[in-house]
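Here are the chains, one letter per residue:
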Amino acid sequence: MNTQMIRVWDPLVRVVHWLLVIGFTIGYVTEGDPMWLHVWSGYAVASLVVLRVIWGFVGPQHARFTDFVTGPAKAFGYTGGLIRRNSPRFLGHSPAGGAMTVALLLGLAGICVTGMMTLADAGNAGPLAGW
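Report on the accompanying structure.

Thresholds applied
- All residue numbers here refer to positions counted from 1 along the written sequence of the relevant chain.
- Per-residue local features are limited, in this predicted model, to residues with pLDDT of at least 70; the limit for side-chain atom pairs, both in listing and counting, is 80 or more; totals at the level of whole chains, interfaces and linings are taken over all residues.
- The side-chain numbers reported here are obtained from all heavy atoms of the structure, hydrogens and water having been left aside.
- Counting from the N terminus, the helices are DSSP H or I runs at least four residues long and the strands are E runs at least two residues long.
- Contact criterion: two residues are considered in contact whenever any of their non-hydrogen atoms come within 4.5 Å of each other.
- Residue count minus one, scaled by 1.5 Å, sets the expected span of a helix.
- Think of it in three bands: residues with accessible area under 20% of the maximum for their type are buried, residues over 50% are exposed, and the middle band is partly exposed, with areas taken using a 1.4 Å probe on protein chains only.
- Convention adopted: a line fitted to C-alpha atoms gives each axis, helices being fitted over their contacting stretch, and angles between N-to-C directions are expressed from 0 to 180 degrees.
- Should an angle fall under 35 degrees it is taken as roughly parallel, and over 145 as roughly antiparallel, whereas 65 to 115 is taken as roughly perpendicular and any remaining angle as oblique.
- Handedness of a crossing is defined here by the sense of rotation of the near helix relative to the far one, left-handed for an anticlockwise turn of less than a right angle and right-handed for a clockwise turn.
- Charged means Asp, Glu, Lys or Arg here, nonpolar means Ala, Val, Leu, Ile, Met, Phe, Trp, Tyr, Cys or Pro, and polar covers whatever is left, Gly included.

Notes on the environment of Ala-75
Summarising the element assignment, Ala-75 is placed in helix H4 (residues 72-84). Excluding anything up to four places from it in sequence, Ala-75 contacts Thr-70, Pro-95, Ala-96 and Ala-99.

Some remarks on H4
Taking 1.5 Å as the rise per residue, H4 with 13 residues should run 18 Å; its terminal C-alpha atoms sit 18 Å apart, in good agreement. Buried within H4 are the following residues: Ala-75, Tyr-78, Gly-80 and Gly-81. Of the residues flanking the end of H4, it is Arg-85, one or two places downstream, whose phi is positive at about 65°.

Some words on helix H5 (residues 95-123)
Taking 1.5 Å of rise per residue, 29 residues should cover 42 Å, and H5 covers 42 Å from first to last C-alpha, within 8% of that figure. Residues of H5 that are buried include every one of Pro-95, Gly-97, Gly-98, Thr-101, Leu-105, Leu-108, Cys-112, Met-116, Leu-119 and Ala-120, and no others. Asn-124 sits one or two residues past H5 and shows a positive phi near 50°.

Regarding the packing of H4 against H5
Direction vectors running N to C along H4 and H5 enclose 125°, while the axes themselves pass 7 Å from each other. The angle between the axes of H4 and H5 places the two elements in the oblique class. In this structure, the crossing between H4 and H5 has a hand that is left-handed. Contact residues: Lys-74, Ala-75, Tyr-78 and Thr-79 in H4; Pro-95, Ala-96 and Ala-99 in H5. Considering only residue class, the contact of H4 with H5 consists of five nonpolar, one polar and one charged.

Structure representation (structure tokens):
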């Protein structure tokens, strides 16, 4: 069997992915103690989400959202095909993987915004303190 490795995602996507894992884990594990570490890991995650969204519009082919974000019908159809064991293979994210990526980025963005809102309300600090 002749197998060949194909690198689909560029180095920026790979680095952002693992930095998101690290940043989220630090924020989750610290639970605000020490608060400075929790806050700065949240800022790092927020910055990485913004960077990934920008890269999703200007990056190389497989990093762009147009390459893997489809409508819900395709994502559910693909998932049904997985159950029937006849889904096509994709280089990069499948339609279900694209939906998961969007959900993950939206979830992380929501966590970051609500964290900044809490920081502003409870401590009158952070980028949303003036609001």
